[in-house]
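Listed below, chain by chain, are the residues.
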Amino acid sequence: MAAPSAAEHTAEKGIREHMAATIYYEADTDLCIVQGRKVAVIGYGSQGHAHALSLRDSGVDVRVGLPEGSKSRAKAEEAGLRVLTPAAAVAEADLVSVQAPDTVQRTLYRDDIEPHLRPGDALLFSHGFNVRYGYITPPEGVDVLLVAPKGPGHLVRRQFTEGNGVPCLVAVEADASGGALALGLSYAAAIGGARAGVLETTFAEETETDLFGEQAVLCGGTSALIQAGFDTLVSAGYQPEIAYFEVLHELKLIVDLIYEGGIARQRYSCSDTAEYGDLTRGPRVVGEATRAEMRKILTEIQDGTFAKEWIAEDESGRPAFLRLRAEGKAHGIEAVGERLRGLMSWVDRPITETA
Ligand SMILES: NC(=O)C1=CN([C@@H]2O[C@H](COP(=O)(O)OP(=O)(O)OC[C@H]3O[C@@H](n4cnc5c(N)ncnc54)[C@H](OP(=O)(O)O)[C@@H]3O)[C@@H](O)[C@H]2O)C=CC1
Ligand SMILES: CC[C@](O)(C(C)=O)C(=O)O
Ligand SMILES: [Mg+2]
Ligand SMILES: [Mg+2]
């Protein structure tokens, strides 16, 4: 049976009246569009390897752009991909997928991409940072689009190979060809995103919500919450192993329920005692002070303060980033976790990915 169209999918679920977003599914996409392109994936890290391999597996003509001496070159070549320098890959391609780190993109674009762009080419990002904050201004005549997976690259690839997909956002900044949206949808389908849904947005909305999500909730908020919970228990004299299982290991199990059926599913599965504690204590942990800080973090994203700070930090050799990263690695929960995960073969997942 053919996959439902966007309209059928929302109607089927009876939720159209509550949904403002336009969401596309496989039936709304045409894989042939990206199959007709010569694609250069620049960068072969978390997202780059997922895009390059899944595009290739979807029948797309892919080459990877990496500098001479890049440690990613061997990985891409071992995976059977053709690797060129970024400039040579861009020169050959008519769709350039920029998958290098955000901090590298502005100089990469200036030196290796822009000189080789021709009218009719398309430039694709998976995060709008450099365009949104004005570090990259593409020329007229080129389609500028965004296909932003809402998940880590290694999971983007893993879900694709398992027949599933990670939802994506699609946005068009410049539609020189008149076909930029259709191209973005085609690309999203080729990396598995259209199996889960592709939401239409703008570069600004993607960039600002993505930065907010990773800072306040997904990465920053969650890591800080786990560490604070662990520290509270251990400082009060409880065993670190028990604290680890309570605030980190079990978090995945709780989030699995939330992922599968929303917060209501988690509350259904947990005890009434837990639910009463959740309802009365949760808002004390994340109270007005935290909500005010969230609004401040969002303002810093919207007015460009965060972007300016991050680029300056990178340009000065990342002193704060490196110090904070080292402090995080040295936190007590890491050593306890490493030991406990090593005793659970089905949990232990050291970094073994080839990109
Ligand atoms: N990580 C994620 O899951 C997500 C990332 N994004 C976005 O995807 C983009 C890529 O991020 P991410 O996948 O995390 O990046 P990574 O840091 O994982 O990978 C970077 C890759 O780019 C290569 N690289 C470094 N410098 C250059 C250069 N000058 N020219 C070409 N290649 C270069 C690196 O090679 P080397 O091995 O030599 O260092 C590496 O292969 C960013 O815009 C990010 O915001 C969006 C959604 C999620
Ligand atoms: C949550 C972090 C992320 O935004 C992502 C995996 O989606 C990123 O930039 O890596
Ligand atoms: Mg993200
Ligand atoms: Mg991000």
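Residues numbered from 1 in each chain as written. Chains lettered and ligands numbered in written order. Predicted model: local features only at pLDDT ≥ 70, side-chain atom pairs only at ≥ 80, totals over all residues.

Draft legend 1. Spatial organisation of unusual backbone geometry. With a phi close to 60 degrees, Arg318 is a non-glycine residue in the positive phi region. You can see Arg318 is positioned in the loop between α16 (305-315) and α17 (319-330). On the basis of neighbour counts, which here come to 14 C-beta atoms within 10 Å, the residue Arg318 falls in the partly exposed class. (Helix = DSSP H or I, 4+ residues; strand = E, 2+ residues; numbered from the N terminus. Buried ≥ 20, exposed ≤ 12 C-beta atoms within 10 Å, placed from the backbone.)

Draft legend 2. Up close: the nonpolar core. The biggest cluster of nonpolar side chains holds 62 residues, and the ones touching the most others in it are Val96, Leu124 and Ala188. No other element matches the seven residues that helix α9 (residues 180-190) contributes to this core. With near-sequence residues (within four places) excluded, Leu124 lies in contact with Leu95, Val96, Ser97, Val98, Leu145, Val147 and Tyr187. (Core = buried A, V, L, I, M, F, W, Y, C linked by C-beta atoms within 7 Å. Contact = placed C-beta atoms within 7 Å.)

Draft legend 3. Spotlight on the packing of helix α13 (residues 240-269) against helix α18 (residues 332-342). Following both chains from N to C, one finds α13 and α18 inclined at 90 degrees, their axes separated by 10 Å at the closest point. Classed by the angle they form, the pair α13 and α18 counts as roughly perpendicular. Seen from α13, the contacting residues are Pro240, Glu241, Tyr244 and Leu248; seen from α18, they are Gly332, Ile333, Val336, Gly337 and Leu340. Considering only residue class, the contact of α13 with α18 consists of six nonpolar, two polar and one charged. (Axes fitted to C-alpha atoms, helices over the stretch in contact; angles between N-to-C directions. Parallel < 35°, antiparallel > 145°, perpendicular 65-115°, else oblique. Nonpolar A, V, L, I, M, F, W, Y, C, P; charged D, E, K, R; others polar.)

Draft legend 4. Representation of the UniProt feature "domain: KARI C-terminal knotted" (unreviewed entry) in the protein chain. Listed under "domain: KARI C-terminal knotted" (unreviewed entry) in the UniProt record, and renumbered for this structure, are residues 202-347. Secondary structure across residues 202-347 divides into 86% helix and 0% strand, with the first and last C-alpha atoms of the span separated by 38 Å. (UniProt positions renumbered as here; feature names shortened; annotations may be inferred.)

Draft legend 5. Representation of the site of ligand 1 within the structure. Surrounding ligand 1, one finds 26 residues, the nearest of these being Gly43, Gly45, Ser70, Ser72 and His127. Elements supplying a minimum of two residues to the shell around ligand 1: α3 (46-57), α6 (102-113) and β7 (143-149). (Near = placed C-beta within 6 Å.)

Draft legend 6. Expanded view of the pairing of β7. Among the seven residues that make up β7, seven are buried, leaving the element largely enclosed by the rest of the structure. Neither face of β7 is left uncovered, since the one carrying Asp143, Leu145, Val147 and Pro149 and the one carrying Val144, Leu146 and Ala148 both have all their residues buried. Pairing of strand β6 (residues 122-125) with β7 involves four bridges; the strand directions are parallel. Its bridge partner being in β7, Leu124 is matched across the sheet by Leu145. Relative to strand β8 (residues 168-174), β7 runs antiparallel, the two sharing six bridges. (Pairing = 2+ DSSP bridges.)

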